[in-house]
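# Coordinate analysis (summary)
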Amino acid sequence: MASNAFIAFQKNEETRCIVEAIVEDNPEAIVNEQPAMVKVDVPGRLVIKRATVEEKMGRDFDLQELQLHLITISGHLDETDDEFTLSWNS
Amino acid sequence: MDMKVAKKLGLKERYTLMTRDLAWDTTYQPMDKVFPQVTFEGIKIHDWDKWEDPFRLTMDAYWKYQAEKERKLYAILDAFNQNNGHLSVTDARYMNVLKLFLGSTPPLELMAARGFSMVGRQMVGAGPRVACQMQAVDEYRHFQTQIHSISNYNKFYNGMDEFAHQQSRMWYLSDGKSFFDDAITAGPFEFMVAIGFAFEYVLTNILFVPFISGAAYNGDMAAMTVGFSAQSDEARHMTLGLECIKFMLEQDPDNLPIVQRWIDKWTWRGTRKLASVGMMMDYMLPKRIMSFKEAWEIYFEQNGAALFTDLARYGITVPKCFSQTIEEKEHVTHQSWIGFYMKPDATPFHTWIPGKEELDWLSEKYPNTFDKYYRPVYEFLDQQEKTGNRFNNKTQPMNCQVCVSTIKFNEPGDPMSTCFRETRYKGEKFHFCSDHCKDIFEHEPEKYVQTYISSHQGLQGNCAPEGVDVNAPDFNPGDHIADYWKLDKRATGDFNGSEDQKNFAAWRDQATKN
Ligand SMILES: [Fe+2]
Ligand SMILES: [Fe+2]
Ligand SMILES: [Zn+2]
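Here goes a summary of the coordinates provided.

Right, let's get into the sheet that holds strand S6 (residues 76-79) of chain A. All names here are of chain A. Across the sheet, three strands lie side by side as S4-S7-S6; this open sheet has antiparallel pairing. Lying at the two open borders of the sheet, with one neighbouring strand each, are strand S4 (45-49) and S6. Each adjacent strand pair in this sheet contributes to an overall mean axis angle of 10°, direction not counted. Pairing between S4 and strand S7 (residues 83-87): five bridges, direction antiparallel. Note on S7: the bridge partner recorded for Arg-45 is Ser-87.

The next point concerns the packing of helix H12 (residues 255-284) of chain B against helix H13 (residues 292-311) of chain B. All names here are of chain B. In contact at an axis separation of 10 Å, H12 and H13 are set at 160° when each is read in the N-to-C sense. One way to sum up the angle between H12 and H13 is to call them roughly antiparallel. Helix-helix and strand crossings are classified by hand; for H12 and H13 the assignment is right-handed. Of the residues in H13, those in contact with Ile-263, Thr-267, Thr-271, Leu-274, Gly-278, Met-281 and Asp-282 of H12 are Phe-292, Ala-295, Trp-296, Phe-300, Phe-308 and Leu-311. By residue class, the composition of the contact of H12 with H13 is nine nonpolar, three polar and one charged.

A few words on the interface of chain A and chain B. On the chain B side, the residues contacting the 31 residues of chain A number 42 residues. It is Gln-64, Gln-67 and Leu-68 of chain A that lose the most area in chain A upon contact with chain B, and together they represent 20% of the buried surface on that side. Across the chain A-chain B interface, the total number found is two salt bridges. Summed over the shared surface of chain A and chain B, the result is eleven residue pairs in polar contact (both at pLDDT 80 or more). Counting only elements with at least two residues in the side of chain A that touches chain B, the list comes to strand S1 (4-10), strand S3 (37-43), strand S5 (70-74) and S6 of chain A. Sort the elements by how many residues they give to the side of chain A that touches chain B and S5 of chain A lands first, with five residues.

Residues and elements named next belong to chain B. Looking at the zinc ion (ligand 3), the protein donor atoms are Cys-400 (SG), Cys-403 (SG), Cys-433 (SG) and Cys-437 (SG), and they sit 2.3 Å from it. Geometry at the zinc ion (ligand 3) is tetrahedral, judged from the four donor atoms that bind it and their angles of 106 to 117° at the metal. Residue classification places Cys-403 among the buried residues on the basis of a relative accessible area of 2%.

Quick look at the coordination of the iron ion (ligand 2) now. Six octahedral donors at a metal ideally form angles of 90 or 180 degrees, and four tetrahedral donors ideally form angles of 109.5 degrees. Residue and element names in this part refer to chain B. Around the iron ion (ligand 2), the protein contributes the donor atoms Glu-139 (OE), Glu-200 (OE), Glu-200 (OE), Glu-234 (OE) and His-237 (ND1), which lie 1.9 to 2.8 Å from the metal centre. Positions of the donor residues of the iron ion (ligand 2), expressed as sequence spacing, correspond to E-x60-E-x33-E-x2-H. Metal-to-metal, the separation of the iron ion (ligand 2) and the iron ion (ligand 1) is 3.3 Å; Glu-139 coordinates the two. Of this pair, Glu-139 sits in helix H6 (residues 126-154) while His-237 sits in helix H11 (residues 221-251), and the two are 98 residues apart along the sequence.

Where a strand is regular, its side chains alternate between the two sheet faces. All names here are of chain B. Sheet topology places strand S3 (residues 421-425) next to strand S4 (residues 428-432); five bridges connect them, and they run antiparallel. Bridge pairing in S4 places Thr-423 opposite Phe-430. Where S3 hands over to S4, the hairpin turn is made up of two residues, of which Lys-426 adopts a positive phi near 45°.

Residues and elements named next belong to chain B. For the structure on display, the rule yields 37 aromatic pairs over all chains. Ring centres of Phe-197 and Tyr-201 lie 6.2 Å apart, and the angle between their planes is 25°; this geometry places the pair in the stacked category. Of this pair, Phe-197 and Tyr-201 both sit in helix H9 (residues 188-207), four residues apart, which is roughly one turn of the helix. The class of Tyr-201 is buried, set by a relative accessible area of 3%. Centroid distance Tyr-283 to Tyr-378: 5.8 Å. Interplanar angle 40°. Geometry classified as tilted. Taken as a pair, Tyr-283 in helix H12 and Tyr-378 in helix H17 (residues 370-386) lie far apart in primary sequence, 95 residues in all.

A surface patch of nonpolar side chains, about 370 Å² in accessible area, is lined by Leu-9, Leu-17, Met-18 and Leu-22 of chain B. Its location among the elements puts Leu-22 of chain B in the loop between helix H1 (11-18) and helix H2 (31-34).

Attention shifts here to the pattern of salt bridges. Residues and elements named next belong to chain B. Counted by the stated rule, this structure contains 53 salt bridges over all chains. Here Asp-439 and Lys-320 are joined by a salt bridge, their closest N and O atoms 3.5 Å apart. Taken as a pair, Asp-439 in helix H18 (residues 435-443) and Lys-320 in the loop between H13 and helix H14 (322-328) lie far apart in primary sequence, 119 residues in all. For Asp-439, a relative accessible area of 38% puts it in the partly exposed group. The exposure class assigned to Lys-320 is exposed, which follows from its relative accessible area of 54%. Where Lys-356 meets Asp-360, a salt bridge forms, and the shortest distance between an N and an O atom there is 2.8 Å. Here the residue Lys-356 and the residue Asp-360 both occupy positions in helix H16 (residues 356-365), the gap between them amounting to four residues, near one helical turn. On the basis of relative accessible area, Lys-356 is assigned to the exposed category, the value being 59%. Accessibility expressed as a relative area gives 32% for Asp-360, which makes it partly exposed.

Working definition: the strands of a sheet are paired by backbone hydrogen bonds and lie parallel or antiparallel to each other. Across the sheet, which stays open at both edges, the four strands sit in the order S2-S3-S1-S5 (chain A) with antiparallel pairing between neighbours. If you trace the sheet from one side to the other, it starts and ends with strand S2 (30-34) and S5 of chain A, each paired once. Pairwise comparison of adjacent strand axes, ignoring direction, gives a mean angle of 15° for this sheet. Judged from the seven bridges that link them, S1 of chain A and S3 of chain A form a sheet pairing that is antiparallel. Note that in S3 of chain A the partner of Phe-6 of chain A across the bridge is Asp-41 of chain A. Strand contacts of H11 of chain B: S1, S3 and S5 of chain A, with the helix running at about 25° to S5 of chain A, the strand carrying the most contacts.

This part takes up the environment of Ser-168 of chain B. All names here are of chain B. Within the element layout of this structure, Ser-168 appears in the loop between helix H7 (163-167) and helix H8 (174-184). Looking at Ser-168, the relative accessible area reads 28%, which means it is partly exposed. Sequence spacing of Ser-168 and Ser-178 is ten residues, and the spatial spacing of their C-alpha atoms is 9.4 Å. In contact with Ser-168, other than residues within four places in its own chain, are Lys-177 and Tyr-452.

The rules we used
Residues numbered from 1 in each chain as written. Chains lettered and ligands numbered in written order. Predicted model: local features only at pLDDT ≥ 70, side-chain atom pairs only at ≥ 80, totals over all residues. Heavy atoms only, no water. Pairing = 2+ DSSP bridges. Helix = DSSP H or I, 4+ residues; strand = E, 2+ residues; numbered from the N terminus. Axes fitted to C-alpha atoms, helices over the stretch in contact; angles between N-to-C directions. Parallel < 35°, antiparallel > 145°, perpendicular 65-115°, else oblique. Left-handed = near helix turned anticlockwise from the far one by under 90°. Contact = heavy atoms within 4.5 Å. Nonpolar A, V, L, I, M, F, W, Y, C, P; charged D, E, K, R; others polar. Buried area = accessible area lost by both parts, 1.4 Å probe. Salt bridge = Lys/Arg side-chain N within 4 Å of Asp/Glu carboxyl O. Polar contact = N/O pair within 3.5 Å; in protein donor to acceptor, adjacent residues only side chain to side chain. Donors = N, O, S within 2.8 Å, 3.2 Å for Na, K, Ca; no water. Tetrahedral: all angles 85-135°; square planar, octahedral: opposite > 155°, others 65-115°. Buried < 20%, exposed > 50% of the residue type's maximum accessible area, 1.4 Å probe, protein only. Phe/Tyr/Trp six-rings, centres within 6.5 Å; stacked < 30°, edge-to-face > 60°. Patch = residues over 30% accessible without salt bridge, like charges linked within 9 Å, V, L, I, M, F, W, Y side chains within 5 Å. Areas by Shrake-Rupley, 256 points an atom, 1.4 Å probe, with all protein chains shown as cover.

Everything listed here is a matter of geometry and, on its own, says nothing about what the molecule does.
Quick look at the structure:
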């Protein structure tokens with residue numbers, strides 16, 4: 001069984017769109033809402049795509065803006081202009 | 001008119017240009033003299049250019065996003081304070097968790113800032129050097145913002161103002177002090193494993209995620225915004241720690257046993273430090289979202305296992321202490337709170353016996369242990385309190401020479417007896433809470449004989465306020481230690497009947513009635 005990669009955000013209007021984008025791009029995503037925060041787990045590999053977030057927000061989005069809302073992550077990170085990926089090799 | 005703007009450089013190119021390409025090798029002095037600390041731990045690095053910070057954050061982007069975080073944070077803090085937010089927390093017992101947090105956390109953030117400034121200076125590669133510099137600035141920010149957020153509470157509640165004096169002197173704060181003293185006096189690579197891995201990956205994930213979510217649940221918007229804002233940096237810090245571990249393992253197979261020993265050691269040290277964080281979740285938050293046990297399972301057992309499975313390709317194995325930590329998750333928070341309750345004169349925060357509903361919640365969350373071992377203790381203590389015989393342990397605690405927790409945890413496999421180990425070194429006896437701490441000591445005894453242990457210092461006459469003759473025949477160290485700690489008597493002992501309790505009730509009354 002693959003380990004979960006996960007990401008958690010503070011709950012706000014921006015992250016509502018980001019989480020919607022994650023759910024769309026990662027069919028196995030499990031969203032877990034907790035007070036003031038939201039955590040998303042995906043087995044093996046979690047990807048956030050800039051294009052999908054932009055579509056949800058209706059504006060340009062720089063993936064480094066994730067810095068503002070992040071609470072924690074799990075998995076090895078790879079960050080490019082278009083994708084923010086967390087994954088475990090197992 | 002539309003103008004075609006030249007395509008910006010990609011993130012990878014930008015990062016390379018703005019970090020590695022700005023670094024140079026020294027020529028007036030040989031590199032090994034400029035960076036003398038990177039070899040003495042035995043770690044072999046052949047190519048520093050193989051290090052790449054996965055966040056690829058350049059300095060200009062760093063300042064931009066950090067400034068934005070600060071603006072958001074202070075807007076929320078101001079709003080919370082202007083609106084007398086402290087009166088909207090669940091109940092006044094909550095303030096005590098802030099008191100414990102204030103003494104135990106911001107001083108460690110400051111130590112982290114110092115540590116990363118030092119280690120950043122020692123790293124030969126530009127990638128880790130920049131990342132360490134950012135982390136040093138982040139940790140300084142955490143130190144400041146945590147104090148700022150609690151300073152508003154300090155205007156209203158007792159026991160907060162002397163945290164900086166108490167941090168390096170008081171018994172119950174010595175575990176955190178020793179954690180950072182140990183890390184910062186190690187070499188640069190061990191420091192990265194201690195803080196980047198154990199502190200960030202194991203500890204802050206529990207302290208700043210479920211605990212802070214719990215603070216939000218209890219109505220403390222100030223702690224929430226500060227905690228989450230800090231944790232947004234911690235995600236980057238964990239990545240740096242992980243990257244450092246991978247880098248060492250990839251550079252040379254000889255690094256494996258050294259890294260393994262550090263992972264074993266610091267996982268254990270992190271676990272011990274977490275007992276008090278877990279206690280904050282299980283006992284000190286009036287409203288609870290998650291037990292320590294549940295948090296431990298998500299953030300350590302699953303998340304830690306994910307990491308160890310991943311690192312298995314380099315030959316890393318699960319830390320030696322892993323199975324003991326799994327057994328202990330059902331015990332340590334109860335043992336800790338009982339321990340604090342039993343010392344009512346020795347902390348600047350109040351304690352209490354959990355109410356009936358709270359005991360039931362604990363039974364439900366800890367079905368294997370609570371009713372069997374701990375509920376009867378609380379019922380006994382409660383009955384003693386009601387008959388005017390409140391338990392008060394006036395003796396100095398015995399502490400572990402390595403982790404400096406008071407010796408109170410149980411023997412593995414036997415919850416009814418206390419785990420206690422000792423060893424002799426140069427004719428002196430040293431005491432430990434566990435086999436793991438004993439092993440750590442035996443590997444580097446010269447280091448750990450220097451541990452600051454408040455009880456020993458008190459008994460040696462080093463904890464008397466100025467003007468007290470410690471050589472007088474009737475000198476009793478216990479008589480002065482509270483003054484030495486600058487302990488506010490109003491903040492000690494039982495919550496029930498305390499000034500904080502009365503003030504909060506009166507102010508809340510004023511806020512809700514005409
Ligand atoms: Fe920090
Ligand atoms: Fe950190
Ligand atoms: Zn110990």
